[in-house]
Amino acid sequence: MNLDRINHVAVPVHNIEQGIRWYKKNFSCEVSYADETWALLNFDNIGLALVLPEQHPGHFAVERDDALEFGLLSLHRDKTKSVYIKDPWDNDVEILQIEKNG
């Protein structure tokens, strides 16, 4: 059985630059992308997105080749496409479109 892959977890911070500094000081990770509105940190096994709470909810992102089945996809500035859904307990889950193999 092929398991779904978690692409990243997003945590809200009130200042992206301060968030980057804190995470890099306390953990071994690399900055993959950063601007004043969000950042992506790479850890060995997962990405950590730092997001502004007024722009994105805290969430985790699951890669799927059938993301469109979950709803209308939005194109992001990093050229990824995804849709946000809620689980039955009101947690935000991002369904991230990946290309089908073959």
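Residues numbered from 1 in each chain as written. Predicted model: local features only at pLDDT ≥ 70, side-chain atom pairs only at ≥ 80, totals over all residues. Heavy atoms only, no water.

**Q** Got a minute to help me understand the packing of aromatic side chains in this structure?
**A** Think of a pair of aromatic rings as described by two things: how far the centres are apart, and how the planes are tilted against each other in angle. Enumeration according to the criterion identifies 5 aromatic pairs in this entry. Centre to centre, the rings of W22 and F27 are 5.8 Å apart; their planes meet at 65°, and the pair counts as edge-to-face. Judged by its relative accessible area of 45%, W22 is partly exposed. (Phe/Tyr/Trp six-rings, centres within 6.5 Å; stacked < 30°, edge-to-face > 60°. Buried < 20%, exposed > 50% of the residue type's maximum accessible area, 1.4 Å probe, protein only.)

**Q** What am I meant to see in helix α1 (residues 16–26) here?
**A** Every α-helix carries 3.6 residues per turn, so stepping three or four residues along brings you back to the same face. Taken as a whole, α1 has its buried residues at I16, G19, I20 and Y23. Buried residues in α1, looked at end-on, bunch into an arc of 100°, giving them a common side. Those residues of α1 that are exposed and aimed more than 90 degrees away from the buried face are E17 and K25. For α1, the N-terminal cap is N15; the gap from its side-chain oxygen to the backbone nitrogen of E17 is 3.1 Å. (Helix = DSSP H or I, 4+ residues; strand = E, 2+ residues; numbered from the N terminus. Arc of directions from axis to C-beta. Polar contact = N/O pair within 3.5 Å; in protein donor to acceptor, adjacent residues only side chain to side chain.)

**Q** Where do I start with the sheet that holds strand β4 (residues 47–51) in this structure?
**A** The pairing of strands in a sheet happens through backbone hydrogen bonds and is either parallel or antiparallel. Taken together, the 8 strands give an open sheet; going across it, the order is β2-β3-β4-β1-β5-β8-β7-β6, and neighbouring strands pair in mixed fashion. In this open sheet, the two edge strands, each paired with only one partner strand, are β2 (30–34) and β6 (74–75). Here strand β1 (residues 5–12) pairs with strand β5 (residues 59–64) via 5 bridges, running antiparallel. Each bridged residue has a counterpart across the sheet, and for R5 the counterpart in β5 is E63. Set on the sheet, α1 makes contact with β1, β2, β3 (38–42) and β4; between it and β4 the angle comes to about 150°. (Pairing = 2+ DSSP bridges. Contact = heavy atoms within 4.5 Å. Axes fitted to C-alpha atoms, helices over the stretch in contact; angles between N-to-C directions.)

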